[in-house]
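Chain by chain, the residues:
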Amino acid sequence: MQIDPISWKQMTDVSQMNTNSTESSAGFVNVLSSLLNEESTSKPVERSMTQLAPGVTYKDGLLWQQLGVVNESVSSSTSIEAEINDTGATKPTTFEDLITAAGERYGVPVSLIKAVIDAESSFNPHAVSSAGAKGLMQLMDGTARGLGVSNPFDPAQNIEGGTKYLSNLIQRFGGEIAMVLAAYNAGPTRVAGLGVSSDEELMSVAHELPKETQAYISKVMNAQSKYAL
């Protein structure tokens, strides 16, 4: 899913975009935190099998099929990086070269990739969830196969596949990062079923997402702000 390089706007525009992005992210995280607090004090409810825990990407083998065919090229007018307001500079981490290369290859901000890895596996390439999600970006076996990943415990393959998947979700949900993260955690079909088209609209129906997914969105957004410089 090769994405053409994005021409950056002038520094003043970037500064304003980052300010707006920070305020939007903070607002979304605050709403989710409020919802989580309300749920923690209310009577527990039984959750359906579709309400998955962090790191679990819908049903094994079905998620990739829901995404459809991955395009190897995207119109240069699709300003994915601009829409998510990433300046490009990030704090260095383990697997820095692999993350940077994958981010450049698929047009996904490095800070977002690092945040997802942080939330999913804490940078442990051997991590395995109770549902069987594996590796740095916690890929299910069926999803991994669809992404061309033969060994999910290989950092290079896992980062490549996970970043390709993020890129596809970014395209599908128009660069709306909260929606992308909700889809990464709970599945794109579940998010599409909410009938929303922006993070702002998602915020208004966030209570319809599983509690685990609400927490996941907040966790990744907070981590992304930590890694971005």
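These remarks concern the structure in this document. What you see is a predicted model; the values in this text were computed from it and never measured. (Residues numbered from 1 in each chain as written. Predicted model: local features only at pLDDT ≥ 70, side-chain atom pairs only at ≥ 80, totals over all residues. Heavy atoms only, no water.)

What follows covers the packing of helix H7 (residues 155-172) against helix H8 (residues 177-186). Axis separation between H7 and H8 bottoms out at 9 Å; the angle between their running directions is 125°. It follows that H7 is oblique to H8 by the angle criterion. As for the relative orientation of H7 and H8, their crossing is right-handed in sense. Along its contact with H7, which presents Gly 162, Tyr 165, Leu 166, Leu 169 and Ile 170, the element H8 presents Val 180, Ala 183 and Tyr 184. Taken together, the residues that form the contact of H7 with H8 break down as seven nonpolar, one polar and no charged. (Axes fitted to C-alpha atoms, helices over the stretch in contact; angles between N-to-C directions. Helix = DSSP H or I, 4+ residues; strand = E, 2+ residues; numbered from the N terminus. Parallel < 35°, antiparallel > 145°, perpendicular 65-115°, else oblique. Left-handed = near helix turned anticlockwise from the far one by under 90°. Contact = heavy atoms within 4.5 Å. Nonpolar A, V, L, I, M, F, W, Y, C, P; charged D, E, K, R; others polar.)

One finds Val 116, Leu 181 and Tyr 184 to be the most contacted residues of the largest nonpolar core, which totals 44 residues. When contributions to this core are tallied by element, the ones reaching two or more residues are helix H4 (96-106), helix H5 (110-121), H7, H8 and helix H11 (211-227). If sequence neighbours within four positions are ignored, Val 116 has contacts with Met 137, Leu 166, Leu 181, Tyr 184, Tyr 216 and Val 220. (Core = buried A, V, L, I, M, F, W, Y, C linked by side-chain atoms within 4.5 Å. Buried < 20%, exposed > 50% of the residue type's maximum accessible area, 1.4 Å probe, protein only.)

Right, let's get into the pattern of salt bridges. What the rule picks out here adds up to four salt bridges. For Glu 160, the salt bridge identified is with Arg 105, shortest N-O distance 2.7 Å. You can see Glu 160 sitting in helix H7 and its partner Arg 105 sitting in helix H4, a full 55 residues away along the chain. Between Lys 226 and Asp 118 there is a salt bridge; the shortest N-O distance is 3.1 Å. Linking Lys 226 in helix H11 with Asp 118 in helix H5, this pair joins segments that are 108 residues apart in sequence. (Salt bridge = Lys/Arg side-chain N within 4 Å of Asp/Glu carboxyl O.)

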